[in-house]
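What follows is each chain in one-letter form.
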Amino acid sequence: MAEDATCAEVKIVIEQKLLFERQAFDARMIINNGLTDMMLENIRVDLIFTDKNNQQVIATQNSNNEDENIKFFYKIDSLDNIDSIDGNGNINTKTNAEIHWLIIPAFGAASYEDTFYNIGAKISYTLNGKETVVDVSPDYVMVRPQPLLTLDYFMPIDVYGDDPFTDEVEPSIPFTLGLRIKNEGYGTSYNTTIESAQPKIIENKQKLLIEFAILSSHINDQLSSKSLLLDFGNIESQKSKVARWDMITSLSGKFVEFGATFTHADTLGAAVTSLLKAVNSHQLIQNVRVDAGNRDKLIDFLALDGDVIRVYESEGFNTEVSDQSSNATLSRIDRETKLVFPETKGLVYVKITDPSSGKQKLNSVIRSDGKVLPIENIWQSKTRNEDLSWSYFINLFDNDSTGNYSLYENHPNEMQTYNINVQKGNNYSLNELLPKNYYFEANKPYLLKFIVDSKVNRTCSGKKNFDNETKRCQNDIDRNYDYNFEIFTPLKSGILYNDLTFTGSFYLKAKKSETINAIVTPLDINNSLTKTTTVLKGSRYSLNELLPTNYIFEANKSYFIYFSGVVANSRYCSNNKIFDIKSKTCIANAKSNYIFKSNIFTPLETNDTNNDAFEGNFYLSASQDGSIKAMVIPL
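Residues numbered from 1 in each chain as written. Predicted model: local features only at pLDDT ≥ 70, side-chain atom pairs only at ≥ 80, totals over all residues. Heavy atoms only, no water.

1. Some details on the overall build of the protein
A tally of regular secondary structure across the protein gives 2 helices and 56 strands. Going through the 635 residues of the protein one by one, you find that 46% of them count as buried. Taking the intrachain contacts of the protein between residues at least 6 apart in sequence as the baseline, contacts between residues at least 24 apart amount to 72%. For the protein, the exposed area adds up to about 31,700 Å²; of that, 45% sits on carbon and sulfur atoms. (Helix = DSSP H or I, 4+ residues; strand = E, 2+ residues; numbered from the N terminus. Buried < 20%, exposed > 50% of the residue type's maximum accessible area, 1.4 Å probe, protein only. Contact = heavy atoms within 4.5 Å. Areas by Shrake-Rupley, 256 points an atom, 1.4 Å probe, with all protein chains shown as cover.)

2. Here we look at the packing of aromatic side chains
Applying the stated rule across the entire model yields 31 aromatic pairs. Both rings, one in phenylalanine 49 and one in phenylalanine 72, keep their centres 4.9 Å apart while their planes meet at 25°; by these two values the pair is stacked. Separated by 23 residues along the polypeptide, phenylalanine 49 in strand S5 (residues 40-51) and phenylalanine 72 in strand S7 (residues 70-80) bring together distant segments of the chain. Each member of the pair, phenylalanine 49 as well as phenylalanine 72, carries the same accessibility label: buried. Between phenylalanine 450 and phenylalanine 506, the ring centres sit 6.1 Å apart and the planes meet at 15°, which makes this aromatic pair stacked. (Phe/Tyr/Trp six-rings, centres within 6.5 Å; stacked < 30°, edge-to-face > 60°.)

3. Description of the sheet that holds strand S50 (residues 568-572)
Across the sheet, which stays open at both edges, the 3 strands sit in the order S48-S55-S50 with antiparallel pairing between neighbours. Both outer strands of the open sheet, strand S48 (540-542) and S50, are each paired with one neighbouring strand and no more. Between one strand axis and the next, the sheet turns by 30° as a mean value, whatever way the strands run. With 3 bridges joining them, S48 and strand S55 (residues 618-622) adopt antiparallel strand pairing. Residue pairing in the sheet places arginine 540 in a bridge with serine 621 of S55. (Pairing = 2+ DSSP bridges. Axes fitted to C-alpha atoms, helices over the stretch in contact; angles between N-to-C directions.)

4. Section: the pattern of salt bridges
Inspection of the entire model under this criterion finds 16 salt bridges. Notably, a salt bridge pairs aspartate 135 with lysine 122, separated by 2.7 Å at the nearest N-O pair. Taken together, the positions of aspartate 135 in strand S11 (residues 130-144) and lysine 122 in strand S10 (residues 115-127) put the pair 13 residues apart, joining distant regions of the chain. Taking relative accessible area as the criterion, aspartate 135 reaches 52% and is therefore assigned exposed. The exposure class of lysine 122 is partly exposed, given its relative accessible area of 35%. (Salt bridge = Lys/Arg side-chain N within 4 Å of Asp/Glu carboxyl O.)

5. Examining the pairing of strand S30 (residues 344-353)
The pairing of strand S27 (residues 322-323) with S30 spans 2 bridges and is classified as parallel. Looking at S30, one finds that aspartate 323 is bridged to tyrosine 349. Bridge analysis of S30 against strand S33 (residues 390-401) gives 8 bridges, and the strand direction is antiparallel. When the bridges of S33 are listed, isoleucine 352 appears paired with isoleucine 394.

6. Remarks on the state of the cysteines
By definition, a disulfide links the sulfur atoms of two cysteines through a covalent bond. With the rule as written, the count across this model stands at 2 disulfides. Between the sulfur atoms of cysteine 460 and its disulfide partner cysteine 473 the distance amounts to 2.0 Å. Looking down the S-S bond of the cysteine 460 and cysteine 473 bridge, the torsion is -80°, so its handedness is left-handed. Highlighted residues: cysteine 460 in the loop between strand S39 (457-459) and strand S40 (465-466) and cysteine 473 in strand S41 (residues 473-474), separated in sequence by 13 residues. A relative accessible area of 5% means that cysteine 460 is categorised as buried. With a relative accessible area of 28%, cysteine 473 lands in the partly exposed category. Each sulfur of the disulfide joining cysteine 573 and cysteine 586 lies 1.9 Å from the other. Of note, the bridge from cysteine 573 to cysteine 586 carries an S-S torsion of about -75° and is left-handed in sense. Taken together, the positions of cysteine 573 in the loop between S50 and strand S51 (578-580) and cysteine 586 in strand S52 (residues 585-587) put the pair 13 residues apart, joining distant regions of the chain. Shown here for the protein is a disulfide pattern of 1-2, 3-4, where each number marks a bonded cysteine counted in sequence order. (Disulfide = S-S within 2.5 Å.)

7. A word on the nonpolar core
With 35 residues, the main nonpolar core has Met29, Ile31, Val45, Trp101, Ile103 and Ile123 as its most contacted residues. Counting only elements with at least two residues in this core, the list comes to strand S2 (8-14), strand S4 (25-33), S5, S7, strand S9 (95-105), S10 and S11. Here this core takes 6 residues from S10, the largest share from any one element. Isoleucine 123 has contacts with Val10, Met29, Ile31, Ile43, Arg44, Val45, Thr132, Val133, Val134 and Val136, leaving out every residue within four places of it along the chain. (Core = buried A, V, L, I, M, F, W, Y, C linked by side-chain atoms within 4.5 Å.)

8. Remarks on unusual backbone geometry
One non-glycine residue, asparagine 81, lies in positive phi territory at about 65°. When you line up the elements, asparagine 81 lands in the loop between S7 and strand S8 (86-91). Judged by relative accessible area, asparagine 81 falls into the partly exposed class, the value being 44%. For asparagine 556, which is not glycine, the phi torsion reads 65° and is therefore positive. Residue position: asparagine 556 is located in the loop between helix H2 (543-546) and strand S49 (559-565).

9. Some points on the environment of leucine 529
Along the chain, the position of leucine 529 falls in strand S47 (residues 529-535). For the pair formed by leucine 529 and isoleucine 633, sequence separation is 104 residues and the distance between their alpha carbons is 6.5 Å. Leave out the neighbours within four places in its chain, and leucine 529 touches Pro548, Tyr551, Ala630, Met631 and Val632.

That is the geometry; function is a separate question.
Shown next, in the form of structure tokens:
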């Protein structure tokens, strides 16, 4: 409050005491001319900004001023009962004048913590020909640091779908659009929502826009909505979050444009008031994982910036990667391929021609010091040439590399048996129960059988899936495999053992600590045999009656047999007895000529086409009238 003997009084008021950098607030000054016979003339008002030590700081009305030392931007918002405050203003007798300023703390006004400021003023005016200068007592504000966001988008150049200039209908190849949002400010970004623009993809030949479909989206590797509008929640100071969209296009094409918008109340009309520092785009090479000991386990983005390869990590680091592609060699010995290049410290990338043209699927990749590479860091790729042919490549990403790797492969029809150790009372997700170094192909069915009491096999109800971290059935968990009646169909390719992103409804609840025997083998559904048999409730049926006819089963060759249809119980005669097809009873003193266990049928001698020669201990007991379908798949 400032008051003179002629009853003119002034005060400045700031209602909002706590605010963020770049958050506009109102400062109000009231000047009361209580005189009945004289005006206040030639009024000039200058705001004065000081810090907690009463040292004046820089403030400006020029919103385009880029001086890093500026602490506040401000402008006059309104004048009431006064026409100006630049030295030419007047206030009539018995009048209250009111002035409002819009003030915005600049980025950096709060530095690293809440910062105290005073805002006062100096007023000069003329009364009865005499000039008077008044210092107005300040009011205070507390400024908090503001977030400052950088958005990095990652996209491939080429995307592949059907080529309209070929007779063959080519399948669409999924691709990734990635985003990292990094908070470089010292304040938390609350309820952060980013709306990305629609990608613009042009068909290669006709230059027409083509559509895309979102298969799934993730934030920090957790499943999110199938939308380009994603809610990142709160992003703390100096922290980052990542998102990715898995997409397909109907036609092959190229990314030619992509943008993103971030809107903020830009009251002064200047870029300096924006919460967004930059939006950058990069050519995505692959989603990888920096598996150094002090890093998180989230997906990172390997990108090409001009001639430089960098990895943009989920934790906010940007690191240049050594490209050893020109120094790498491949050599093949039986089913093992050696990849060799110079020993390299730090992050390294190699892209080398695939001699199998993509036909041999990589399984386990082991470095010469025994390290097994994460499945994200070794992949096969292909690019389309101008003549519509394909070029195939093997790609590798690693850290502190010895430069020497063994690439092991599985035969596409390889059966594997293995053991699993479980502890009583624990729940085990399917990825924990898969073989360690087995390459699965997406959408290909496999027999996956755990030789254990069936009561330990569990399935989450409804739309719930088993969460790898909490070991519980939960909603909003992605499902990327089917597992029914011991038929396992993964929806993605790779070594899936201990892949935490590989989730579904199945889990195993161990009733005791034991070693479980398991078997996995690919199933050739297209070459399977089927037979449907009409059954009556309470009747028994031998294996002979259920097997397809007119087919010769080879001695000592294994076949997977799967029964479906009405409810029927699998039974086995005990005490070395066999099931007699005529009497429908178990009889002694007869010899079995097949083995049938865990749905695996192995004849001990070759049959004739009618299957009448098979004798053994297995039979089915029908629980109701109907039909039973047997599917037989050679293994």
